[in-house]
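Single-letter residue listing:
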Amino acid sequence: MGSANRVLVVDDEPAIRALISKIVQRAGLAVDAACDGAQAMEMLRANAYNVLVIDLMMPNVNGYDLIDFVRDSTRPRPAIIVITAGDTSLIRRLDPTMVHSVLRKPFDIDVLGDLISAAAQSMDEQRATSDSNVLDFRKNVC
């Protein structure tokens, strides 16, 4: 996976945030963590991430608003994995064009690790494909 592979973990529960960060590190990826959506927005303005792991229900800025922020951003979109203890009605409110995966709490750490790795690999492949589709017009100058 590329050197730009960074994961941002966003959860207001310190123990969950630490656990998910360890899972990301175990997958061999760099990780940053935010305690809520507001802090995550600041981090997204300053850094590029291939994957976001987001809790839906957080103070200040919730997961839905953070997903909207990512949608409206001009930066490349990361893969988004949502983790929630909420019921099915909360999950139905998610935009399927923005969310890579949804995992319910309590979650299996191996499953989450696999989802994070798959999302990071998918983003690497997607970016490599888009980079190879860019034409270099300097080569075609007469």
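Note that the coordinates shown come from a computational prediction; the quantities given were computed from them, not determined experimentally. (Residues numbered from 1 in each chain as written. Predicted model: local features only at pLDDT ≥ 70, side-chain atom pairs only at ≥ 80, totals over all residues. Heavy atoms only, no water.)

Let us now look at the sheet that holds strand E3 (residues 51–55). With respect to topology, 5 strands assemble into an open sheet ordered E2-E1-E3-E4-E5, the strand pairing being parallel. Each edge of the open sheet carries a strand with a single partner, namely strand E2 (30–34) and strand E5 (101–104). When the angles between neighbouring strand axes are averaged without regard to direction, this sheet yields 20°. Where E3 and strand E4 (residues 79–84) come together, 5 bridges link them in parallel fashion. Directly across from valine 51, in E4, lies its bridge partner alanine 79. Against the sheet, helix H2 (residues 37–46) engages strand E1 (6–10), E2 and E3, with an angle of about 135° to E2. (Pairing = 2+ DSSP bridges. Helix = DSSP H or I, 4+ residues; strand = E, 2+ residues; numbered from the N terminus. Axes fitted to C-alpha atoms, helices over the stretch in contact; angles between N-to-C directions. Contact = heavy atoms within 4.5 Å.)

Our next topic: the packing of aromatic side chains. According to the stated counting rule, one finds 0 aromatic pairs in the structure shown. Positioned above the aromatic ring of tyrosine 64, the side-chain terminus of arginine 93 is 3.9 Å from the ring centre. (Phe/Tyr/Trp six-rings, centres within 6.5 Å; stacked < 30°, edge-to-face > 60°. Lys NZ or Arg CZ within 6 Å of the ring centre and 35° of its normal.)

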